[in-house]
Amino acid sequence: MFQSFRSAMTWIHTWFGLVLGFVLMGAFFFGALCVFDREIDKWAIPEARFEVQPMPSFDRVLLPEFEAMSPSLETMQIWGIVADNRSSLIDLVSIHETSAQGDARTERVVKMLDPRTGKVTNGDHFKIGSEFFYPLHYSLTLDWQGLGEWIVAFSGMMMLAALISGIVIHRKLFREFFTFRPGKGFRRSTLDLHNLTGVVALPFHFFFAFTGVLIFVGQYFPIGTTQLAQLHELHEQLEIGESKIPTERSGHAAPLASVDAMMAEARRRWAAHGMPGEVGVIHLRFVGDANAHVAIYPAATNSLQDLLNGVHFNGATGAVLQVDPAPNAVQQVAGFLTGLHLQPFRHWPLRWLYALGGLAGCVCIATGLLFFVEKRKHQHAKQGSQAIHVVDALAVTTVTGMVIATLGILIVNRLLPDTLPAGWPRHDDLERYAFWFAWLLAMAHAFWRTAPVAQGRMAPAWVEQCWTITVMSVTAVLLNWITTGDHLLRTLSDTYWPVAGLDLALLTVAAIAALAGRKIKRRAENASMIAESVAQDAARA
Amino acid sequence: MRDALLLIAAFVTSIAGMGWLALSMDVHWRQVCGNAFGSPAPTKRLRALGTLGLGTSLVLCLSVNHASIASLVWVMALTAAAFSIAFILTWRAHWLRLLFPPARPTAG
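Residue positions are given per chain, counting from 1 as you read along its sequence in written order. Following the order in which they are written, the chains are lettered starting with A and the ligands numbered starting with 1. Only residues with pLDDT of at least 70 get local features here, since the model is predicted, and only at 80 or more are side-chain atom pairs given and counted; chain-wide, interface and lining totals rely on the full set of residues. With hydrogens and water set aside, each side-chain value is computed from the structure's full complement of heavy atoms.

## Some details on the packing of helix H4 (residues 128-139) of chain A against helix H13 (residues 387-415) of chain A
Residue and element names in this part refer to chain A.
- Structural elements are reduced to axes, namely lines fitted to C-alpha atoms, with helices fitted over the stretch in contact, and the angle between N-to-C directions of any two is expressed from 0 to 180 degrees. Numbering of helices and strands runs from the N terminus, with a helix taken as a DSSP run of H or I at least four residues long and a strand as a DSSP run of E at least two residues long. For the pair H4 and H13, the least separation of the axes is 13 Å and the interaxial angle reads 155 degrees. As the angle between them shows, H4 and H13 are arranged roughly antiparallel. For H4 against H13, the interelement crossing comes out right-handed. Across the interface between the two elements, Ile128, Phe132 and Phe133 from H4 touch Thr406, Ile409, Leu410 and Asn413 from H13.
- Looking at the contact of H4 with H13 residue by residue, the classes come out as 5 nonpolar, 2 polar and no charged. Between 65 and 115 degrees an angle is taken as roughly perpendicular, under 35 as roughly parallel, over 145 as roughly antiparallel, and anywhere else as oblique. Each crossing gets its handedness from the near helix: less than a right angle anticlockwise from the far helix is left-handed, clockwise is right-handed. Whether two residues are in contact is decided by their heavy atoms: any pair within 4.5 Å suffices. Any residue outside Ala, Val, Leu, Ile, Met, Phe, Trp, Tyr, Cys, Pro, Asp, Glu, Lys and Arg is labelled polar, Gly included; the first ten of those are nonpolar and the last four are charged.

## Side note on unusual backbone geometry
Residues and elements named next belong to chain A.
- The backbone phi angle of Leu140 is positive, close to 55 degrees, even though this residue is not glycine.
- With respect to the helices and strands, Leu140 occurs in the loop between H4 and helix H5 (147-169).
- According to the relative accessible area criterion, Leu140 is partly exposed, its value standing at 22%.
- A positive phi angle, near 55 degrees, is found at Thr141, a position not held by glycine.
- Mapped onto the fold, Thr141 is located in the loop between H4 and H5.
- A simple rule labels every residue: compare its accessible area, found with a 1.4 Å probe on the protein chains alone, to the largest value its type can have, and call it buried under 20%, exposed over 50%, or partly exposed in between. Its relative accessible area of 25% is what places Thr141 among the partly exposed residues.

## Section: the interface of chain B and chain A
- Chain B puts 27 residues into the contact, and the matching count from chain A is 26 residues.
- Here the buried area means the combined drop in accessible surface, using a 1.4 Å probe, for two parts upon being joined, counting both sides. A per-residue breakdown of the area chain B buries against chain A is headed by Ile69(B), Leu72(B) and Met76(B), which together make up 29% of the total.
- Two N or O atoms count as a polar contact when they lie within 3.5 Å, although within protein this holds only if one can serve as hydrogen donor and the other as acceptor, and sequence-adjacent residues are included solely when both atoms are side-chain atoms. Between the two partners, chain B and chain A, sit 2 residue pairs in polar contact (both at pLDDT 80 or more).
- Every element with two or more residues in the side of chain B that touches chain A is listed here: helix H1 (2-23), helix H2 (26-33) and helix H4 (67-91) of chain B.

## So, the environment of Ala459(A)
Residues and elements named next belong to chain A.
- Here Ala459 lies in the loop between helix H14 (427-448) and helix H15 (460-484).
- Here Ala459 falls in the buried class, since its relative accessible area comes to 1%.
- Considered as a pair, Ala459 and Pro115 are 344 residues apart in the sequence and their alpha carbons are 52 Å apart.
- Not counting chain neighbours up to four residues away, the residues in contact with Ala459 comprise Asp392, Arg449, Thr450 and Val453.

## Observations concerning a positive patch on the surface
Residue and element names in this part refer to chain A.
- On the surface, Arg518, Lys519, Arg522 and Arg523 cluster together into a patch of positive charge.
- Structurally, the position occupied by Lys519 is in helix H17 (residues 497-540).
- Judged by relative accessible area, which is 59%, Lys519 ranks as exposed. For patch building, the residue pool is restricted to those with more than 30% relative accessible area and no salt bridge; the joining distance is 9 Å between like charges and 5 Å between nonpolar side chains (Val, Leu, Ile, Met, Phe, Trp, Tyr). Only the protein chains shown count as cover for residues, and all accessible areas are computed by the Shrake-Rupley method using a 1.4 Å probe. Salt bridges are identified by distance alone: a Lys or Arg side-chain nitrogen within 4 Å of an Asp or Glu carboxyl oxygen. Within this scheme the basic residues Lys and Arg register as positive and the acidic residues Asp and Glu register as negative, but His and the chain ends are omitted. By convention, the point assigned to a charge is CZ for Arg, NZ for Lys, CD for Glu and CG for Asp.

Note that all results are geometric; they support no functional claim without further evidence.
As structure tokens, then:
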């Protein structure tokens, strides 16, 4: 079928890259945004705009809230507190049993608490960063049967194949390692940028595609519940036997001991082991029973793994039951591979480098799509084929359309009032609709305004969407100012980086989009002038 | 503060290292100096300097963080450095003369 190995690799790279490039672009773009997910949350929820606080007193502040969230102590299953090192509001999760029509089911109640006041926040806030962009990154928010995760995972696999086939078909991998020639024609410079962003950031692309696929390995190889189910159960029994952590209620009522004292003991133990840290996560089970269990974990700051070094207490007596053993070699490798992707740490230089790596991935995929169109558009124009029109429209939808959708959700977030009129959908639903609607509009516009590509010309959709991005970015910054009073001068002078950073990023996006729009317009005008003069010369001849 | 300075030093040495490696390639030497390597060609010296630069950057990263994080910072710093050098070569190639004084246009 193929004349050579290289042509086979070219086929794989081109066609899988084209089909899955659209999905991968989303995974890379929203992945890059997820580096700043908690910061985006703070931009979207004005009540969360304050510095990260230490964990408040459990006994005085958190316990009354949990008691209010749970119908009774007998039915409580888990109380969880998550105060990671970048969120200002603390998440309280209460899971309790409900017996609806005889079936034992569980219900989950989530609240956000302001640790400064000890009060839960009002209204249904939507954490756009960690509750929308984050799931979008790995599942496209297609939850039915885990379909989105399968699609993204398959695309991740093909990303690995595209990277390897890309290396095979690249003729001058080392000789052109540092090469970008913007003056050498559109096709050449597009390919240069594709190669540069692909090769230079290869370690990033490879490790993120690989670890991304690896994190969901249980989804596609569920051997723990299929082939190795018996071994899995046996292992579970053994672990329970060795552990001192209770797995069920004793049936004897006992009040909860001071969790604040347990937190102090956990902090003391971490410091004694040379790893001083704040409490990040607390898990409580069987509260009110003599077998109550309290697990306390540190907030990861400069480590790749969270939920390590947990200290487990008997909740009724406050005595230490056990300390998590040091991870074995397999756990360490697994922790490194998943931790490098999930980045629980607060290492800002590394986080920024990750964001740049993700954007380099976007540039690599986008230039790949552009090169596909450029290479074929004149040939397709001669043949009268519309295929290239579809590809270009989808490229516009994925590149500029995705940015428009992202700006759409930010704008609507700032436009919606805190309390919505009765009968309206919830905040999170409305903001999601805004996102998809903005993307749909961008797609419709892209199909409408890319028709000239089929005649071998530049599509006006690119320029128009660039300008739309500029207007929308500036609008988002202005709306943030109008609705919260937090303009850039204030956030910069307060050095409140989560909000100042996002506003500055939006203005940078506006400037880049305006420059890109101007440049594309000039190029299109030059191209049409050349085409006209060629046509006039031909007519004269 | 000490950590921040060490990390900045790690970024600077990785950029210098990538710059030296780029200069050791004929095509980029031409971009920077406008002519081919003189004789003897400084290729080996430049490659050695480049390797030293990247190696120093790794040591600096390791002096700031645990090896697990430091390795990631180093790999990503190399990526950022390679991008910087590629774009310097595109728009301000003569800047790289600063890295290697013998790299200058020769008369004739």
